[in-house]
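Report on the structure
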Amino acid sequence: MRRISLILVPYLWLLALFLVPFLIVLKISLSDTALAIPPYTPTLDLSGWETFRAFVGALDMENFVWLTEDDLYWKAYLSSLKIALISTFFTLLIGFPIAYGMAQAREDWRPTLLMLVILPFWTSFLIRVYSWMGILSQEGYLNQLLLSFGLIDEPLIILNTPVAVYIGIVYTYLPFMVLPVYSALEKLDGSLLEAAEDLGCSRTSAFWLVTVPLSKSGIIAGSFLVFIPTLGEFVIPSLLGGSRTLMIGKVLWEEFFNNRDWPVASAVAIILLLILVIPIILFQRNEQKQREAEG
Amino acid sequence: MNKTLLTLSASVALSAFAASAEEVRVYNWSDYIDEDLLYKFEEETGIDLIYDVFDSNEVLETKMLAGGSGYDVVVPSGTFLQRQIQAGAFQKLDGTKLSNAGNMWDVIADRTAQYDPDNAYSINYMWGTTGIGVNVAKVQEALGADAPLDSMELVLNPANMEKLADCGVHFLDAPSEMIPMTLQYLGENPDSHDPDVIAKAGPVLEAVRPYIQKFHSSEYINALANGDICVAVGWSGDILQARDRAAEAENGVEIAYNAFAQGSLMWFDQMAIPVDAPNPDAAHTFLNFIMDEHNMAAASNYVYYANGNEASQAHLEEDVIGDPAIYPTPETLENLYTTTPYPTKVQRRVTRLWTKIKSGT
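Residues numbered from 1 in each chain as written. Chains lettered and ligands numbered in written order. Predicted model: local features only at pLDDT ≥ 70, side-chain atom pairs only at ≥ 80, totals over all residues.

1. Some points on the overall build of chain B
- A count of helical and extended segments in chain B gives 18 helices and ten strands.
- Taking 2.2 N^0.38 as the reference for a compact globule, 361 residues should give roughly 21 Å; the C-alpha atoms of chain B span a radius of gyration of 20 Å, in line with that estimate.
- Its C-alpha atoms put chain B at 60 × 50 × 40 Å along the principal axes.
- Going through the 361 residues of chain B one by one, you find that 48% of them count as buried.
- The contacts in chain B between residues at least 6 apart in sequence include a share of 74% that link residues at least 24 apart. (Helix = DSSP H or I, 4+ residues; strand = E, 2+ residues; numbered from the N terminus. Rg over C-alpha atoms; globule rule 2.2 N^0.38 Å. Buried ≥ 20, exposed ≤ 12 C-beta atoms within 10 Å, placed from the backbone. Contact = placed C-beta atoms within 7 Å.)

2. A closer look at the interface of chain B and chain A
- Contacts between the two partners involve 22 residues from chain B, matched on the other side by 18 residues from chain A.
- When contributions to the side of chain B that touches chain A are tallied by element, the ones reaching two or more residues are helix 3 (57-66), helix 4 (78-86) and helix 18 (344-359) of chain B.
- When the residues that make up the side of chain B that touches chain A are grouped by side-chain class, the tally is six nonpolar, ten polar and six charged. (Nonpolar A, V, L, I, M, F, W, Y, C, P; charged D, E, K, R; others polar.)

3. Focus on the confidence of the model for chain B
Residue and element names in this part refer to chain B.
- For chain B, the mean per-residue pLDDT works out to 90, and 94% of the residues sit at or above 70.
- Across chain B, the element-wise mean pLDDT spans from 47 in helix 1 (residues 2-18) up to 97 in strand 3 (residues 73-74).
- For residues 13-20, every residue scores under 50 in pLDDT, and the model assigns this stretch seven contacts once sequence neighbours within four places are set aside.
- For this predicted complex, the interface score ipTM comes out at 0.71, while the overall pTM is 0.78. (pLDDT = per-residue confidence, 0-100.)

4. Focus: the nonpolar core
- B:Val73, B:Val155, B:Leu224, B:Val231 and B:Phe286 are the most contacted members of the largest nonpolar core, which has 106 residues in total.
- Residues from two domains meet in this core; each of domain 1 (2-127 + 268-327) and domain 2 (129-265 + 338-359) of chain B gives at least three.
- Contact partners of B:Val73, with chain neighbours within four places excluded, come to B:Val24, B:Val26, B:Met271, B:Ile273, B:Ala283, B:Phe286 and B:Leu287.
- Formed by 49 residues, the second largest nonpolar core is a distinct cluster that contains A:Phe256, A:Val264, A:Ala267 and A:Leu272. (Core = buried A, V, L, I, M, F, W, Y, C linked by C-beta atoms within 7 Å. Domains from an automatic or database assignment.)

5. Focus: the pairing of strand 1 (residues 23-29) of chain B
Residue and element names in this part refer to chain B.
- By the criterion of burial, strand 1 is predominantly enclosed, with six of the seven residues buried.
- Where strand 1 meets strand 2 (residues 48-54), seven bridges bridge the pair, whose relative direction is parallel. Following the sheet pairing, Tyr-27 is matched in strand 2 by Asp-52.
- A crossover connection joins strand 1 to the parallel strand 2 through helix 2 (residues 35-45); in handedness this β-α-β unit is right-handed.
- Direction of pairing for strand 1 relative to strand 3: parallel, over a ladder of two bridges. Across the sheet, residue Tyr-27 finds its bridge partner in strand 3, namely Val-74. (Pairing = 2+ DSSP bridges. Right-handed = clockwise from strand over helix to strand, strands pointing away.)

6. Here we look at the packing of helix 12 (residues 219-226) of chain B against helix 13 (residues 236-249) of chain B
Residues and elements named next belong to chain B.
- In contact at an axis separation of 8 Å, helix 12 and helix 13 are set at 35 degrees when each is read in the N-to-C sense. In this structure, helix 12 crosses over helix 13, and the sense of that crossing is right-handed. Taken together, the residues of helix 13 that come into contact with helix 12 (itself represented by Ile-221, Leu-224 and Ala-225) are Asp-238, Ile-239, Gln-241, Ala-242, Arg-245, Ala-246 and Ala-249.
- Class assignment of the residues belonging to the contact of helix 12 with helix 13 gives a composition of seven nonpolar, one polar and two charged. (Axes fitted to C-alpha atoms, helices over the stretch in contact; angles between N-to-C directions. Left-handed = near helix turned anticlockwise from the far one by under 90°.)

7. Here's the deal with unusual backbone geometry
- Between A:Ile37 and the following residue, A:Pro38, the backbone shows a cis peptide bond with an omega angle of -10 degrees.
- Cis geometry is adopted by the peptide bond preceding A:Pro42, which originates at A:Thr41 and carries an omega value of 0 degrees.
- With respect to the helices and strands, A:Pro42 occurs in the loop between strand 2 (40-41) and helix 2 (49-58).
- Although it is not a glycine, B:Asp31 adopts a positive phi angle of roughly 55 degrees.
- Among the structural elements, B:Asp31 can be located in the loop between strand 1 and helix 2.

8. Concerning the domain arrangement of chain A
Residue and element names in this part refer to chain A.
- Looking at chain A, the domain boundaries give domain 1 (1-60) and domain 2 (61-294).
- For the side of domain 1 that touches domain 2, the secondary-structure elements that each account for two or more residues are helix 1 (2-29) and strand 1 (32-33).
- Residue contributions to the side of domain 1 that touches domain 2 peak at four residues, all from helix 1.
- Its residues assigned to classes, the side of domain 1 that touches domain 2 shows six nonpolar, three polar and two charged.

9. A few points about the environment of A:Leu179
All names here are of chain A.
- Along the chain, Leu-179 turns up in helix 8 (residues 162-186).
- Classification of Leu-179 by C-beta neighbours within 10 Å gives buried; the count is 20.
- Linking Leu-179 and Ile-219, residues 40 residues apart in sequence, is a C-alpha distance of 9.8 Å.

10. Brief notes about the domain arrangement of chain B
Residue and element names in this part refer to chain B.
- The domains assigned to chain B are domain 1 (2-127 + 268-327) and domain 2 (129-265 + 338-359).
- One C-alpha centre belongs to domain 1, the other to domain 2; they are set 26 Å apart.
- Between domain 1 and domain 2, the residue contacts involve 15 residues of the former and 18 residues of the latter.
- Considering each element in turn, the side of domain 1 that touches domain 2 owes the most residues, three residues, to helix 4.
- Residues of the side of domain 1 that touches domain 2, tallied by class, amount to five nonpolar, seven polar and three charged.

11. Quick look at the pairing of strand 4 (residues 122-135) of chain B
All names here are of chain B.
- For strand 4, a buried count of 14 out of 14 residues is recorded, marking the element as mostly surrounded by other parts of the structure.
- Here strand 4 runs beside strand 9 (residues 265-272); their pairing, made up of eight bridges, is antiparallel. Following the sheet pairing, Trp-127 is matched in strand 9 by Phe-268.
- Across two bridges, the pairing between strand 4 and strand 10 (residues 306-307) is antiparallel.

Structure follows, in structure tokens:
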């Protein structure tokens, strides 16, 4: 009995916070737009078996067909995938040295360094992205600085370009990479490196042959933590990117708010979820393997 | 201006906590009222006012159709109002609570009845045209002294736009206005609901797309006033506000507004009460306050839009009532066109076309 209730709790959680919302969105994605409150038809009627059957009969796949007919959506999915992959790569490129440096620092400094990584979270995410607009704009601080050093003659156009989106994403998600990598590196046993060097390994190859493989779990966890939310990111591309930065989060917002087309917006969301399910399952598997290895 | 309004709504909201329980929540366009009026309303009525702003009919409609927006007064434009009335989003006005209704102007009321029969659900707040704002000196520098400042040629002819791209061009992010405008340019019926006709607007806008810096419906006010951009397709009063801000800043920027010589869209922003408004009584009080001739005149004098309140005209400043860009002459009035709402399936085509134009895919 106790076992059942133990299993029940997480499943209830999953049911309430994942499955039910998913089914609601799925239902909307199969309906048609309508001029009504809410703006789609049919709405669920559970008053009797006949009305329920009529409800089910009115659902169709039309919106999914519409998605396949229009290349905008595929381009947006692919472009989001590309942006998410590149951003994850750069976050790793910048985040790993930071985490490595933190793990190498003196033990009494580490809490302070950890604090410094977390500190930006104390300010609203939106304000931090807004301040990047001030830094990157044509009259912004970055351009003023570069101009005053004579490094450039004309202000660089960064804001409203994909570059600004990458900067925003890498900046925002950096802690999600640094923290798991740091926690993996911190557990690293220093004597392993000494042993490698004693056995004739150079410091560089010891790094690649010992440190990196042992921090693999942290790198994988960090990469997923960056990749998954970036794929559906909406705020950063809409504030920092121009209208040419195509991301599925923005398309979704436009379907919902500009087109008032809830059924198509829901269909876009369902496909996005299906695309995300694969990396999420991989992530879960990785976590599980790690736990088994540790346990 | 947006920032001041935001802080304002925050401070008004804060004072709500301190004072009595009755409050009214108003959702209006950005840069669209004299803020002093908001304080005056609170003082006169003792009702706390929470004032939020938006800059897109589409966003407002999403909130209305989702239901439960929590607002007591909202301000959709005519075509959007008509659709939302059909969707059952608004409640009928109670004439007995609107003692100032006699101030309204029949010339405008006749036209708004096209969207809201008998004006049963709404009152006119402001009306205006969608036209073109230019930084005169910069445009003439780019195109010569004979630049067509009041013509669609300026913004829809790629040859002109190519030369203007460097000094900056903004377009409204409003498909329901930009597509009809392009159809008007092509000599088609701007109010066409035929998907094949609507599709003709695509190539024209795509040809000038590379030279448009941004599609946005409120940023152009400051951008024009600061000299960051030299051309904006925008709403009459917004561009006139930009003209005034530039004049006040004495930054040497001279802004001019013109309705299109080929004919401009005439639109009406209507105040209405959502069907699920938490406080419809206070909403009526707010509408009646706005319909007061002095208050309406103060609002128009501040935002440079014409209003639908005949009695207020006695209190309008000369640079408002006397400016044909705001109160058009009868001849110009004939050159203006209005539109009707798109059916849902056509709407999808229009917005899809717009996304395609904006994103270049």
